[in-house]
Amino acid sequence: MAAKYMGVKTVIAIDILDWKLELAKQFGASHVFNSQKGDVLAEIMNIAGRGATFAIDCCGVPSVIEMTIECIAPCGTAGSIGDAPFGAKIQIDALKFMVLGKKFVALVEGDSVPHQFIPILITMKKEGVFPLEKLVTFYSVKDISKALSDIRAGKVIKVVLKWDD
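Residues numbered from 1 in each chain as written. Predicted model: local features only at pLDDT ≥ 70, side-chain atom pairs only at ≥ 80, totals over all residues. Heavy atoms only, no water.

**A few points about the overall build of the protein**
Logical step 1: Across its full length, the protein carries eight helices and seven strands.
Logical step 2: In terms of overall dimensions, the protein has C-alpha extents of about 60 × 40 × 35 Å along its principal axes.
Logical step 3: The proportion of buried residues among the 165 residues of the protein is 26%.
Logical step 4: Counted over contacts in the protein with a minimum sequence separation of 6, partners at least 24 positions apart contribute 44%. (Helix = DSSP H or I, 4+ residues; strand = E, 2+ residues; numbered from the N terminus. Buried < 20%, exposed > 50% of the residue type's maximum accessible area, 1.4 Å probe, protein only. Contact = heavy atoms within 4.5 Å.)

And the structure:
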């Protein structure tokens, strides 16, 4: 959504849940792929030639982080905002990584500057291009077990717990 808002023409979204891919299309993805239904790396290279300029992992699964790094073009940047399990290791071809000038960065809290980023989100919401209601599902704090279950089952995107009055 943010990439489209910033004018990026080619935005590739990858997931294992088709309903999330449909949502990604609504939010501006030009291409979507279910990683359980084909060779995502081949699809990316088919679209992007030598690879993606930027790629972001949002799930923290080590094999996905590895693919994120693999799919970037020479001098491209891969980032991970997903939380990998404690002690998880990723493997990369070190020589290929260095010779091609690839970069990998950990994106902590999205690596945003809140006093700059929040006004942008507010503007996007006012312009109707940041449909928060499609991204967030509210649960009573009493229903935290249901919220966790829905997260694990891939039924929701972002959970917000609210205190009941």
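The discussion continues.
**Concerning the pattern of salt bridges**
Opposite charge on two side chains lets them pair, provided their charged atoms get close.
Logical step 1: Scanning the entire structure with this criterion turns up six salt bridges.
Logical step 2: Aspartate 18 is the salt-bridge partner of lysine 37, the closest N and O atoms lying 2.7 Å from each other. Pair noted here: lysine 37 is in the loop between β2 (31-34) and α3 (40-48) and aspartate 18 is in helix α2 (residues 18-26), with a separation of 19 residues, a long-range link.
Logical step 3: The class for lysine 37 is exposed, based on a relative accessible area of 61%.
Logical step 4: The salt bridge partner of lysine 142 is aspartate 164, with a shortest N-O separation of 3.2 Å. In this pair, lysine 142 is assigned in the loop between β6 (136-140) and α8 (144-152) and aspartate 164 in the segment after β7 (158-162), connecting sequence segments 22 residues apart.
Logical step 5: Given a relative accessible area of 37%, aspartate 164 falls into the partly exposed group. (Salt bridge = Lys/Arg side-chain N within 4 Å of Asp/Glu carboxyl O.)

**Here's the deal with the nonpolar core**
Logical step 1: Counting residues in hydrophobic clusters, the biggest one holds nine residues: Val40, Ile44, Ala55, Ile65, Ile69, Cys71, Ile72, Ala78 and Phe97.
Logical step 2: Listed by contribution, the elements that provide at least two residues to this core are α3, α4 (62-70) and β4 (72-80).
Logical step 3: Of all hydrophobic cores here, the second largest spans six residues; its members include Leu23, Phe27, Met124 and Phe130. (Core = buried A, V, L, I, M, F, W, Y, C linked by side-chain atoms within 4.5 Å.)

**Considerations on the sheet that holds strand β3 (residues 52-57)**
Logical step 1: Pairing within the open sheet is parallel, and its three strands lie in the order β3-β4-β5. In this open sheet, the two strands that pair with only one neighbour each are β3 and β5 (103-106). Taking the axes of each pair of neighbouring strands and ignoring which way they run, one obtains an average angle of 15° across the sheet.
Logical step 2: As paired strands, β4 and β5 are joined by four bridges and run parallel to one another. (Pairing = 2+ DSSP bridges. Axes fitted to C-alpha atoms, helices over the stretch in contact; angles between N-to-C directions.)

Purely geometric numbers; function is a separate question.
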